[in-house]
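Secondary and tertiary structure notes
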Amino acid sequence: IIFLSILIYFSHFLSQKEQPKVVFEFQLDQPDAHPFENTCRFPILEDEDPSLKKSIKHAGQPECDLIYPYQVVSRSLDGTFFISTSLAFFPFSCSIQILSGTLFPNVRKMNKSEAFELPLNTHFFINEDVFAINCSSLSDHDEISKEIFSRVYMGIKLTHESNLIVEKSEDNQGYVISRPFDVDSMSISILVFDSTSRSQFARHMKKSKELMSEMGFVTLLGYNKVGDNSAPNLGPILAEPYKENEDYDILDETGDIGLNKFLPYRKKIDPDSIDFIWKKMKKKGCETLFNDDIMHTSRGLFHYSNKHFKPGFTHKPTDHYYRPFYNYLYKMLNNKWKLCRDGRLLSEELLVPWFHSHRKLADRCFFSFNFLTSPSHDNPNNLESVDEILSERLKILKNSGSLSNTLLIIMGDHGQRMHYSQKSFGGRIEERQPLMSILLPKEFQVHYPTAYAHLQTNVHRLTSNVDIHETLLDIIDNRLSRSRSIGRGRSLFTEIPTTRTCMEAWIPNNFCLCQYNATKEE
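Residues numbered from 1 in each chain as written. Predicted model: local features only at pLDDT ≥ 70, side-chain atom pairs only at ≥ 80, totals over all residues. Heavy atoms only, no water.

**Quick look at the pairing of strand β7 (residues 130-137)**
The line we're drawing: Only protein chains enter the accessibility calculation, which uses a 1.4 Å probe; a residue is then buried when its area is under 20% of its type maximum, exposed when over 50%, and partly exposed in between. Helical segments are the DSSP runs of H or I of at least four residues, strand segments are the runs of E of at least two, and each set is numbered from the N terminus. One requirement defines pairing of two strands: DSSP has to find at least two bridges between them.
Burial within β7 is extensive, with seven of its eight residues counted as buried. Relative to β7, strand β3 (residues 92-103) runs antiparallel, the two sharing seven bridges. Bridge assignment links Ser 93 to a residue of β7, and that residue is Ser 136. As judged from the seven bridges shared by β7 and strand β8 (residues 147-154), these two strands associate in the antiparallel manner.

So this is what it looks like as structure tokens:
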């Protein structure tokens, strides 16, 4: 026994010795820039930092159980519906109701239209933003429940189409061709994954990351959040400073960036009065879309909590507004989110407005903001369930030409704040280092080579949320060839200096990732 034990020990020792040591290699996209030349020495994590080992799980895409055994209604990736009578052995009918409402003073109140009967055994589109489909058996003599199918959906309502139900034909394929590059009419599309850091996205969204690299996405390595949770991080990107901020100085009593300058406490901000950038886009004649996964019927990105905001918009903030969908969904789920719902991944449905805005509005200027909370808010590993879905849709957009005149951003609002991984060394860094990845049309590089070169150089600079806002304004106001007034941030189309500090980037000390020299005392 002793002899065998010795053999096993030496066998294990030799096998460990033969394994090559894994060394983290940092790949430079721009050879004339390097993160270590900055005054701010921000950390760059490995995708799977050793300190996160116990919390990382690669679960992949889960299998989703069915609630309704008769999946008589199907929806294709192009948005067409088909209701098959062959999938049930009894007669049934299906109808649609349009959903609206969920505005101040009662953001939980939803309006339902009268029911319209849907065609069977034919392909058709539904020209609405939010709607529910219900199917019921026609026989009262069997043991089957009267309701055999019920589901809420999101779509894109086209203003030039007057019909609610549009039959699919060779002339009507449900999507439009791309349009030539023109910065004056460039669309902006933003897809946000809640609680998602750059390295977290890299390890759980491998297919998407690889495809994004092929497509030419530029991912910022020195991007640092400015606030704690979603609203103070997304507000500085999507809006001008709130009017309620004017009462506060930039610096607080400690000499640090004042948090109230981003999201003032107990001010009851009116979301209708916020100067969102989509209002600028609307004035330009662009269509606008706001898709906010609230995760609870009482919440909303810009009216939660009641210590900061008035509870709700009094009117639709954008042309396409999807709160009725989430109110309907989370009411059914008793405000407890799930990865699955009746045989499908919920994230697949949550991505519909983002994906279809590119496909159905590709012939015009549009602004699309999509905030997905439920897949990644509580558990960073659940993000992996979205990888196949996102990569598949990105591939379609890439091959279809739908992105020929669109600035596309895929990002996180902040890193993980709720999961126990946040207590580790890597988790504390990830919390402050969200994903920020930007794709510009290929023609942009041809027409604005200097601006694009600056963007690539700024991959290795200290950047923050306020810089993204200025970058978007460069596109919206077409400031690329003009001088700019001084804003909170610096456009990524201008070179950000290597000497930049967190204070200059509007990053409070608590969130600043700049490392400092420390001498160990004897």
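**Looking at the packing of aromatic side chains**
To be explicit about the condition: For Phe, Tyr and Trp, rings pair up if their centres lie within 6.5 Å, where Trp contributes its six-membered ring, and each pair is then called stacked (planes under 30 degrees apart), edge-to-face (over 60) or tilted (otherwise). Whether a charge sits over a ring depends on NZ of Lys or CZ of Arg being within 6 Å of the ring centre and within 35 degrees of the ring normal.
Applying the stated criterion across every chain yields a total of 26 aromatic pairs. Aromatic side chains Phe 262 and Trp 506 sit 5.9 Å apart centroid to centroid with 65° between the ring planes, which places their arrangement in the edge-to-face category. Note that Phe 262 is positioned in the loop between α4 (230-238) and α5 (277-283) and Trp 506 in the segment after α13 (465-476), a separation of 244 residues in sequence. There is no split in this pair, since Phe 262 and Trp 506 are both buried. Across the ring face of Phe 104, the terminal group of Lys 310 is positioned such that the distance to the ring centre comes to 4.5 Å. Just above the ring of Phe 355 sits the side chain of Arg 393; from NZ or CZ to the centre is 5.8 Å.

**Remarks on the confidence of the model for the protein chain**
Heads up, the condition is: One number per residue, pLDDT, summarises how confident the predictor is, and it ranges from 0 to 100. When checking whether two residues touch, look at their non-hydrogen atoms; a contact exists if any pair is within 4.5 Å.
Per-residue pLDDT for the protein chain averages 90, and the proportion of residues at 70 or more is 91%. In this model residues 14-27 is a low-confidence stretch, pLDDT under 50, and it forms seven contacts with partners more than four residues away in sequence or in other chains.

**Here's the deal with the sheet that holds strand β17 (residues 366-372)**
The seven strands lie next to each other as β11-β19-β18-β10-β17-β13-β14, forming an open sheet whose pairing is mixed. Among the strands making up the open sheet, the edge pair consists of β11 (218-219) and β14 (320-321). Pairing geometry for strand β13 (residues 287-292) and β14, over two bridges, is parallel. Bridge assignment links Leu 289 to a residue of β14, and that residue is His 320.

**Observations concerning the pattern of salt bridges**
Inclusion rule: The salt bridge criterion pairs a side-chain nitrogen of Lys or Arg with a carboxyl oxygen of Asp or Glu, the two atoms within 4 Å.
Under the criterion given, the structure shown has 27 salt bridges. Among the ionic pairs, Glu 349 bridges to Arg 75, the shortest N-O distance being 3.2 Å. Of this pair, Glu 349 sits in helix α7 (residues 346-350) while Arg 75 sits in strand β1 (residues 73-75), placing them 274 residues apart in sequence. Among the residues examined, Glu 349 registers a relative accessible area of 6% and is labelled buried. Here Glu 470 makes a salt bridge to Arg 479, at a shortest N to O gap of 3.1 Å. In this structure, Glu 470 and Arg 479 share a single accessibility class: buried.

**A word on unusual backbone geometry**
Of note, the bond from Phe 104 into Pro 105 is cis; its omega dihedral lies within 30 degrees of zero at 15°. With respect to the helices and strands, the residue Pro 105 is situated in the loop between β3 and β4 (106-112). At Asn 121, a residue that is not glycine, the phi angle is positive and equals roughly 60°. With respect to the helices and strands, Asn 121 occurs in the loop between β5 (116-117) and β6 (123-126). Within the chain, Arg 266 stands out as a residue other than glycine whose phi angle is a positive 55°. Locating Arg 266 in the fold gives a position in the loop between α4 and α5. Assessed through its relative accessible area of 57%, Arg 266 is described here as exposed.

**Considerations on the environment of Glu 470**
Locating Glu 470 in the fold gives a position in helix α13. Beyond its immediate sequence surroundings of up to four residues, Glu 470 is in contact with Arg 479, Gly 487, Arg 488, Gly 489, Arg 490 and Ser 491.

**So, helix α10 (residues 425-432)**
Here α10 lies mainly inside the structure; six of its eight residues are buried. Of all the residues in α10, the buried ones are Gly 426, Gly 427, Ile 429, Glu 430, Glu 431 and Arg 432. Here the buried face of α10 lies against α2 (198-204) and β12 (223-224).

**Digging into the sheet that holds β6**
Put simply, the test is: Fitted lines through C-alpha atoms serve as axes, helices being fitted only where they are in contact, and the angles separating the N-to-C directions of these axes extend from 0 to 180 degrees.
Ordered in space as β1-β2-β6-β9, the four strands form an open sheet in which the pairing is antiparallel. With one partner strand each, in any of the chains shown, β1 and β9 (165-167) form the two edges of the open sheet. The sheet shows a mean angle of 35° between the axes of neighbouring strands, direction not considered.

**Considering the pairing of β17**
In terms of burial, β17 is largely enclosed, as seven of its seven residues are buried. Alignment of strand β10 (residues 187-193) against β17, held across six bridges, turns out to be parallel. The partner of Ser 189 across the bridge, within β17, is Ser 368.

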